Amino acid sequence: ALSAPQLASDPEAALWRAMASAGLDDWKAAETGFLKALPVADSYPPDLAQQIRARAAEAAIENGDAETASARAEDAPNLTPWIRDRLALVRARVSEATGQVDAALDAYARLEKAGQRPVAAEAQLRGTLLARASGKIEPDAAIDRLERLAMTWHGGSTENGILVGLGRLHLGAGRWRDAFTALR
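Remember, it's a predicted structure, so these values are computed and weren't measured experimentally.

**A few points about the overall build of the protein**
Secondary structure summary: the protein contains 10 helices and zero strands in total. When the backbone C-alpha atoms are referred to their principal axes, the protein occupies close to 55 × 35 × 25 Å. The proportion of buried residues among the 184 residues of the protein is 41%. Excluding contacts between residues fewer than 6 apart, the proportion of contacts in the protein whose partners are at least 24 apart in sequence is 50%. Put simply, the protein shows about 10,100 Å² of open surface, and 53% of that area lies on carbon and sulfur atoms. Side chains of the protein carry 22 positive and 25 negative charges; the gap between the two charge centres is 4 Å.

**Quick word on the side chain of Q124**
Relative to the helices and strands, Q124 resides in helix α7 (residues 117-133). In contact with Q124, not counting residues within four places along its chain, are E112, R145 and L149.

**What to know about the nonpolar core**
Nonpolar side chains in soluble globular proteins generally cluster together in the buried interior. Grouped together as the largest cluster of nonpolar side chains are 25 residues, with contacts concentrated most on L89, Y108, L111, L146, L149, I162 and L166. If you list the elements that add at least two residues to this core, you get α5 (81-97), α6 (101-114), α7, α8 (139-152) and α9 (156-172). Residue contributions to this core peak at six residues, all from α7. By size, the runner-up hydrophobic cluster in this structure holds 16 residues, among which are A14, M19, F34 and I52.

**Some words on the environment of I83**
Residue position: I83 is located in helix α5. Note: C-alpha distance between I83 and T128 (45 residues apart in sequence) is 23 Å. Beyond its immediate stretch of four places on either side in the chain, I83 contacts Q50, Q51 and A54.

Rules and cut-offs
Residues numbered from 1 in each chain as written. Predicted model: local features only at pLDDT ≥ 70, side-chain atom pairs only at ≥ 80, totals over all residues. Heavy atoms only, no water. Helix = DSSP H or I, 4+ residues; strand = E, 2+ residues; numbered from the N terminus. Buried < 20%, exposed > 50% of the residue type's maximum accessible area, 1.4 Å probe, protein only. Contact = heavy atoms within 4.5 Å. Areas by Shrake-Rupley, 256 points an atom, 1.4 Å probe, with all protein chains shown as cover. Lys, Arg positive; Asp, Glu negative; His and termini not counted. Charge placed at Lys NZ, Arg CZ, Asp CG, Glu CD. Core = buried A, V, L, I, M, F, W, Y, C linked by side-chain atoms within 4.5 Å.

Here is the structure:
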């Protein structure tokens, strides 16, 4: 319905197409839509506008645009815990993308301990992989952390990230069988 020809130039329809694309992890299409229509969100009730802005911030960082993600992920008063934590995760990813490894690791650790569960799981995944990539933890410690996370988190792109991360860590350690097991 949102792709009907009559709605092709409607900014509100473009905003909802962007939200739908983000929900499908089609981040390129989502970002294209948000760039065209994000100001429409200002006319929505605050709770809905916050959700839209959080998705827009996620779309920007997923497309490698740390500057736009940072601007969209600014903290605001009265955010729900879910939105607050999602925006904090985007800010941590911006820190990571801009080479601020220690700041990113600190933010991931805070979210892992106190964030809403889906955000905490993604923060643990990203923090573990960044800590390993920056040489702050050994491969076996990273593998152990991801194996524990794999036992407690299932579903979505976080689970896929855990399995891919485990596969790469096992490959890096020369454990071919474990790598193939993780990725099956």
